[in-house]
Amino acid sequence: MNGKVMVVTSGKGGVGKTTAVANIGCALAVRGKKVALVDADIGLRNLDIVLGLENRIVFDIIHAMEGRCRLRQALIRDKRVQTLFLLPAAQSKDKDAIMPEQMKELTSELADEFDYVILDCPAGIERGFKNAIAGAGSALIITTPEVSAVRDADRIVGLLEAEGIEEPKLVINRLRPDMVKRGDMLDIEDVIDILAIDLVGVVPDDETVITSTNRGEPAVLDGVSRAGEAFRRIAARIEGEDVPFLSMEAPSFWGKIKRFLGAGR
Amino acid sequence: MVFEFMSRILGRKNRPGSKDLAKERLKLVLAQDRVDISPQMFERLRRDLATACAKYVEIDAANMDVRFDSGDRTLALVASVPVIGTKRDSYNSRRRGNMG
Ligand SMILES: Nc1ncnc2c1ncn2[C@@H]1O[C@H](COP(=O)(O)OP(=O)(O)OP(=O)(O)O)[C@@H](O)[C@H]1O
Ligand SMILES: [Mg+2]
């Protein structure tokens, strides 16, 4: 197999990289793809708890790299979606424990076995970032519609270009339709206009992201979550499907009732 | 208090949404980020530009506006240089001055 190695990155911290990796990865696996999620945020392990797999870690990425276990042994299989796997970050080491070359080797080994290898990149543009992008063939850039996040995303686009990762795709996260409507938040067109890269999805600011994270179940597994639906559509687009964008209208009264009844999607 | 409340609502209505300002500011700062030129170099560019222009027309160097503009990941250097007079004017006025 010759899988796709994709890094999810943002520059700015806390904009939703880990959330996106968990949800997009899970959605791709639900579609039947074999997916390996790699937590490249060494020292600040998070992807495990977001996925609800924190109690099943025995080995981590550093163990696998140092040959203290086989790569296969460090991979945790998700019990809900059988084709989803996690390679957890080491919690006790720091980012200097890995070299970009090692990361390249590791991801190419994974790409032999998986359809998708998705890397959760740490915030920043230093060593951890360089490691995470080392083996990537493509990139998803996450931003929120805020000046600081968009500025950092622009910097990332430039750095990726310099590393030969062309045409990154953009995900706008935590959009608030009510604020856009009253002209107090950059809208989708503004962000695309400024960054000048292709959009692959827009995820609304949605409480179900927090509640699903509390439970350790990605929102894409929740049939009525708006954010979950947005992430499912991103997965479909990554697979080359041409799906319409989710309407970013604030939900109407009837829409809310329908969602309450579980019928609306 | 009622007045304050009213004026706040009205004031809010008249105030343009903050996103236009956000976009404007972002565009400017990103243009600078993308060129990645030091303030010293930029100042030199400005000065050289002023010197070059002054060879042909009389300019108001203090009020010139030089900036990078960026759209679609391409860059443009945009300069607005106020012209006070043409060289012919200054040449003439100087001559007149000399004769007086
Ligand atoms: N669409 C959303 N709606 C509501 N909350 C969200 C959304 N996306 C992310 N969040 C919340 O924002 C916080 C940060 O998200 P996340 O951890 O995914 O960001 P990150 O980019 O991985 O952060 P870091 O840079 O620290 O790794 C979390 O509490 C998450 O639940
Ligand atoms: Mg994270």
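A. Inspection of helix 9 (residues 188-195) of chain A at higher detail. What helix 9 of chain A keeps buried is the set A:Ile188, A:Asp190, A:Val191, A:Ile194 and A:Leu195. Across the axial projection of helix 9 of chain A, the buried residues extend over an arc of 165°, all falling on one side. Check the buried side of helix 9 of chain A and you find it contacts strand 6 (138-143), helix 7 (147-162), strand 7 (169-175) and strand 8 (198-204) of chain A together with helix 2 (18-35) of chain B. Here helix 9 of chain A starts with a cap whose side-chain oxygen sits 3.2 Å from the backbone nitrogen of A:Glu189, and that cap is A:Asp187. A:Ala196 lies just past helix 9 of chain A and shows a positive phi near 55°.

B. Up close: the site of ligand 1. Residues and elements named next belong to chain A. Neighbouring ligand 1 are 17 residues, the closest being Gly14, Lys17, Thr18, Thr19 and Asn173. Contact distances for ligand 1 include 2.9 Å between an oxygen atom and a backbone N or O atom of glycine 14. Between an oxygen atom of ligand 1 and a main-chain N or O atom of valine 15, the distance comes to 3.2 Å. Taking 630 Å² as the accessible area of ligand 1 by itself, protein coverage stands at 79%. Elements supplying a minimum of two residues to the shell around ligand 1: helix 1 (17-30), strand 7, strand 8 and helix 10 (207-215).

C. Focus on the pairing of strand 4 (residues 84-87) of chain A. Residues and elements named next belong to chain A. The two faces of strand 4 match: Leu84 and Leu86 on one face and Phe85 and Leu87 on the other face are all buried. Here strand 2 (residues 35-39) runs beside strand 4; their pairing, made up of 4 bridges, is parallel. Bridge pairing in strand 4 places valine 38 opposite leucine 87. Relative to strand 4, strand 3 (residues 76-77) runs antiparallel, the two being bridged by 2 bridges. Note on strand 4: the bridge partner recorded for arginine 77 is phenylalanine 85. Here strand 3 folds back onto strand 4 in antiparallel fashion, the turn holding 6 residues.

What counts as what
- Residues numbered from 1 in each chain as written.
- Chains lettered and ligands numbered in written order.
- Predicted model: local features only at pLDDT ≥ 70, side-chain atom pairs only at ≥ 80, totals over all residues.
- Heavy atoms only, no water.
- Buried < 20%, exposed > 50% of the residue type's maximum accessible area, 1.4 Å probe, protein only.
- Helix = DSSP H or I, 4+ residues; strand = E, 2+ residues; numbered from the N terminus.
- Arc of directions from axis to C-beta.
- Contact = heavy atoms within 4.5 Å.
- Polar contact = N/O pair within 3.5 Å; in protein donor to acceptor, adjacent residues only side chain to side chain.
- Near = heavy atom within 4 Å.
- Areas by Shrake-Rupley, 256 points an atom, 1.4 Å probe, with all protein chains shown as cover.
- Pairing = 2+ DSSP bridges.

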